[in-house]
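Coordinate inspection notes
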Amino acid sequence: MSEEGKRLSRRELLSGGARGVGLLGLGAAAGFLGGRESHDDEVWQIDPEKCIQCGLCTTECVLSVSAVKVVHSHGMCGYCELCTGYFDPNPVSLDEGAENQLCPTGAIEREFVEDPYYEYSILEDLCVGCGKCVKGCNMFGNGSLYLQVKHDLCINCNVCAIASACPSQAFRKVPKTKPYLLRGKGDVG
């Protein structure tokens, strides 16, 4: 073969380079999409053992109302008359008046069961995920109230804004098949 036969023409060089760049782009796109698929089987969640109820779940979520809500482990609850997750630490009286409640939005409902027991329920539509009730319950109660990301509300951001701001690093990815990190035993509601 002659010296001239071994040389590539400018057209062949550019054509081969464009094909190479195209293949590289396809490979990168496939890798990106493949990487996304592996993350589609995970969701964000709060570890209740690490959460310090700092209040950032309310303000840092990209949604207008946070996807973080309080959940109640009824199996752990003492059904106390003086619930430290429901009442302000220094209530004027032990009644349902707003001035006596710890929750700023009235998201906890209190219902008399029998003397001296009361049942507490979270009104999820009113809960903003501030964690004030959780802090009260953890400080003086049994820890039956805790924060969790509600997956019917969460859009599962690639990089969660709350997780990035969380001072206790309580946010982590968990398998979509087991999306909740439960505290104690009993039903969550």
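Let us look at the structure shown here. Values in this document were obtained by computation on a predicted structure and should not be read as measured data. (Residues numbered from 1 in each chain as written. Predicted model: local features only at pLDDT ≥ 70, side-chain atom pairs only at ≥ 80, totals over all residues. Heavy atoms only, no water.)

Looking only at helices and strands, the protein chain features five helices and six strands. Seen in sequence order, the protein chain has helices and strands lined up from the N terminus as α-α-β-α-β-β-β-α-β-α-β. Burial status across the protein chain gives 32% buried among its 189 residues. Look at the contacts in the protein chain between residues 6 or more apart in sequence, and 71% of them connect residues 24 or more apart. (Helix = DSSP H or I, 4+ residues; strand = E, 2+ residues; numbered from the N terminus. Buried < 20%, exposed > 50% of the residue type's maximum accessible area, 1.4 Å probe, protein only. Contact = heavy atoms within 4.5 Å.)

Tracing the sequence through the fold places G85 in the loop between β2 (68–72) and β3 (108–114). Separated by 17 residues in sequence, G85 and L102 have C-alpha atoms that sit 6.9 Å apart. Leaving out residues up to four positions away in the same chain, G85 has contacts with L102, I108, C133, G136, C137 and L145.

Time to look at the nonpolar core. In this structure, I46, V68, V70, L145, L147, I162 and F171 are the most contacted members of the largest nonpolar core, which totals 29 residues. Taken together, the elements giving at least two residues each to this core come down to β1 (42–46), β2, β4 (117–122), α4 (132–140), β5 (145–149) and α5 (161–165). (Core = buried A, V, L, I, M, F, W, Y, C linked by side-chain atoms within 4.5 Å.)

A few words now on the environment of D95. Along the chain, D95 falls in the loop between β2 and β3. Sequence-wise, D95 and R110 are 15 residues apart; in three dimensions their C-alpha atoms are separated by 9.5 Å. Of the polar contacts made by the side chain of D95, one reaches the backbone nitrogen of G97; its length is 2.9 Å. At a separation of 2.7 Å, a polar atom in the side chain of D95 contacts the side chain of N100. (Polar contact = N/O pair within 3.5 Å; in protein donor to acceptor, adjacent residues only side chain to side chain.)

Backbone torsion omega between D115 and P116 reads 5°, so that peptide bond is classified as cis. Topologically, P116 is positioned in the loop between β3 and β4. The phi dihedral of Q169 is positive, around 50°, even though this residue is not glycine. Within the secondary structure, Q169 sits in the loop between α5 and β6 (171–175). Relative accessible area serves as the criterion here: at 63%, Q169 is assigned to the exposed category.

Next up on the list: the packing of aromatic side chains. Evaluation of the coordinates by the stated rule reveals three aromatic pairs. Judged by centre distance (4.9 Å) and plane angle (90°), the rings of Y86 and F87 are edge-to-face. The class for F87 is buried, based on a relative accessible area of 1%. Look at Y86 and Y120: their rings are 5.4 Å apart centre to centre, the planes differ by 50°, and that puts the pair in the tilted class. One end of the pair, Y86, is in the loop between β2 and β3; the other, Y120, is in strand β4, with 34 residues separating them in the sequence. Each member of the pair Y86 and Y120 is classed as buried. Feature note: the residues Y86, F87 and Y120 constitute an aromatic cluster, connected by ring pairs. One Lys or Arg, R110, reaches over the ring of Y118 and ends 3.6 Å from the middle of that ring. (Phe/Tyr/Trp six-rings, centres within 6.5 Å; stacked < 30°, edge-to-face > 60°. Lys NZ or Arg CZ within 6 Å of the ring centre and 35° of its normal.)

Let us look at the pairing of β2. The element β2 is extensively covered by neighbouring structure, given that five of its five residues are classed as buried. The alternating pattern of β2 places V68, V70 and H72 on one face and K69 and V71 on the opposite face, and all of these are buried. Sheet topology note: the β2/β5 ladder contains five bridges and is antiparallel. What sits directly across from H72, in β5, is L145. (Pairing = 2+ DSSP bridges.)

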